[in-house]
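Survey of secondary and tertiary structure
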Amino acid sequence: ILLRKYGTVHRTNGNVKYPVLVKKAEANVNKKERGSEIPETGIEFDEILLEPAEFDALATVTKKLIHMSGVNVEEIVIEELKKAYVRKETNYMFNGNDTGNENPGALAKKAVAFYETTGDNLYDTLVKLKNTPATAIVKKSRWIINRAALTKIETMKTDDGFPLLRPFTQAEGGIGYTLLGHPLDFTDEADGADPTKPVFYFGDFSSFHIQDVIGAMELQK
C-alpha cells in the first residue's frame with residue numbers, strides 16, 4: 001500500500017487513541033526585554049486522535065479439501081486472506097467508505113479539493129495545483145494518481161514540447177516517473193467511485209498517519 005510506504009506509522013500497545021500533531025504553535029516576537037508574562041500562543045495539538053479499526057476475515061474449508069495430499073491448503077487459504085485484508089485496509093486508508101466502518105481520516109476525505117474554474121487546460125491546472133501548497137510542503141511533495149489520470153497525461157506535452165511525464169532511475173533501482181519535477185506513483189488504489197475519472201493527489205504524504213497495534217494480528221484455526 002503506497003500510503004504505508006510514504007505515510008507515518010505509529011505503533012502502539014493496545015487499542016488506544018494516539019494524538020497527532022497537526023498544527024504547530026506560533027512563536028511570539030518581542031524586540032524589547034521581557035517584562036511581562038509570555039502570552040499564550042495558538043494551540044499545538046488539533047483535536048485529532050487516531051483510533052485503530054479491526055479487520056477480520058473468515059474462510060470455511062471442507063475436511064476433504066484439507067486432507068488432500070500434496071496440497072498445502074492452509075497456505076493457500078492464508079494467502080487469500082492476506083489479499084482480502086490488504087484490499088480492505090487499502091480502501092479504509094484511501095476512501096474510508098465501508099458501511100459501518102467509515103474512516104473520517106481517509107485520504108479522500110482529508111485531502112483538500114482543488115478547483116480551477118478558468119479555462120480547461122489540464123497542464124495549467126496541474127501547475128497551479130502544484131504551486132498551491134506552502135513552499136515547505138511542496139519541496140517534500142509527490143504525486144499519487146490513478147490509472148485514468150496516468151492515461152490522461154501520458155501523451156501530454158509541456159509548453160516547450162517536452163513530455164509531461166518523465167522517466168528517471170530510482171535510487172532503489174528500476175524506473176520511476178516525475179510529473180512537473182515531482183516523483184509520481186500511479187495505482188488503482190487511488191480510484192474513486194468511478195475508476196474512469198482521473199484522480200490526482202499531490203502533497204507531503206508523511207503527514208498521513210497510520211496507527212498499528214503491536215501484536216494485534218491473529219490467526220485462528
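Below or above, wherever it landed, is the structure these notes cover. (Residues numbered from 1 in each chain as written. Predicted model: local features only at pLDDT ≥ 70, side-chain atom pairs only at ≥ 80, totals over all residues. Heavy atoms only, no water.)

**Here's the deal with the overall build of the chain**
Scanning the chain from N- to C-terminus turns up seven helices and nine strands. Residues classed as buried in the chain amount to 28% of the 221 residues present. In the chain, 66% of the contacts between residues at least 6 apart in sequence involve partners at least 24 apart. (Helix = DSSP H or I, 4+ residues; strand = E, 2+ residues; numbered from the N terminus. Buried < 20%, exposed > 50% of the residue type's maximum accessible area, 1.4 Å probe, protein only. Contact = heavy atoms within 4.5 Å.)

**What to know about the packing of aromatic side chains**
Scanning all chains against the criterion turns up two aromatic pairs. Here Trp143 and Phe200 contribute two aromatic rings whose centre-to-centre distance is 6.4 Å and whose plane-to-plane angle is 80°, an arrangement assigned as edge-to-face. Of this pair, Trp143 sits in strand E4 (residues 142-145) while Phe200 is found in strand E8 (residues 200-203), placing the two residues 57 residues apart along the sequence. The exposure classification of Trp143 matches that of Phe200, with both residues buried. On the basis of an interplanar angle of 45° and a centroid distance of 4.5 Å, the ring pair of Trp143 and Phe202 is categorised as tilted. (Phe/Tyr/Trp six-rings, centres within 6.5 Å; stacked < 30°, edge-to-face > 60°.)

**Considerations on the side chain of Thr125**
Secondary-structure assignment places Thr125 in helix H5 (residues 122-130). For Thr125, a relative accessible area of 18% corresponds to the buried category. Those residues in contact with Thr125 that lie beyond four places of it in its chain are Phe114 and Glu116.

**Overview of unusual backbone geometry**
In the Ramachandran plot, Leu180 falls in the positive-phi region, its phi being about 55° despite a non-glycine side chain. With relative accessibility at 18%, the residue Leu180 sits in the buried group.

**With respect to the nonpolar core**
Core analysis: the biggest nonpolar cluster contains 17 residues, and Trp143, Ile145, Ile153, Leu164, Leu179 and Phe200 have the highest contact counts within it. If sequence neighbours within four positions are ignored, Phe200 has contacts with Leu126, Trp143, Ile144, Ile145, Ala149, Ile153 and Leu179. Ranked by size, the runner-up nonpolar core spans 13 residues in total, among them Met93, Phe94, Ala190 and Phe208. (Core = buried A, V, L, I, M, F, W, Y, C linked by side-chain atoms within 4.5 Å.)

**A closer look at the sheet that holds strand E6 (residues 175-179)**
On the basis of which strands lie adjacent, the open sheet formed by five strands has the order E5-E6-E7-E4-E8 and mixed pairing. Two strands bound the open sheet, and with one partner strand each, they are strand E5 (165-169) and E8. Mean inter-strand twist for the sheet, computed between neighbouring axes without regard to direction, equals 35°. For E5 and E6, the ladder comprises five bridges, and the chain directions are antiparallel. Paired with Thr169 across the strands is Ile175, a residue of E6. (Pairing = 2+ DSSP bridges. Axes fitted to C-alpha atoms, helices over the stretch in contact; angles between N-to-C directions.)

**A few points about the environment of Val77**
With respect to the helices and strands, the residue Val77 is situated in helix H3 (residues 73-94). Residues Val77 and Leu58, 19 residues apart in the sequence, show an inter-C-alpha distance of 9.9 Å. The residues contacting Val77, other than those within four sequence positions of it, are Ala59 and Val61.

**Re H5**
Within H5, burial applies to Tyr123, Thr125, Leu126, Leu129 and Lys130. Buried residues in H5, looked at end-on, bunch into an arc of 160°, giving them a common side. Tucked inside the fold, the buried residues of H5 contact helix H6 (135-138), E4, helix H7 (147-153), strand E7 (182-186) and E8. (Arc of directions from axis to C-beta.)

**Some thoughts on a nonpolar patch on the surface**
On the surface, Leu65, Met68, Val71 and Ile76 cluster together to form a nonpolar patch covering roughly 320 Å² of accessible area. Locating Ile76 in the fold gives a position in helix H3. Judged by relative accessible area, Ile76 falls into the partly exposed class, the value being 48%. (Patch = residues over 30% accessible without salt bridge, like charges linked within 9 Å, V, L, I, M, F, W, Y side chains within 5 Å. Areas by Shrake-Rupley, 256 points an atom, 1.4 Å probe, with all protein chains shown as cover. Salt bridge = Lys/Arg side-chain N within 4 Å of Asp/Glu carboxyl O.)

**Examining H3**
For H3, built from 22 residues, the straight-helix expectation of 32 Å at 1.5 Å per residue is met to within 8% by its first-to-last C-alpha distance of 32 Å. Within the span of H3, buried status applies to Val73, Glu89, Thr90, Asn91, Tyr92, Met93 and Phe94. On its buried face, H3 sits against helix H1 (2-6), helix H2 (63-66), helix H4 (107-110), E4, E8 and strand E9 (209-213). Phi turns positive one or two residues past the end of H3, at Gly96, with a value near 60°. (Expected span 1.5 Å × (residues − 1).)

Honestly, it's all geometry; don't read function into it.
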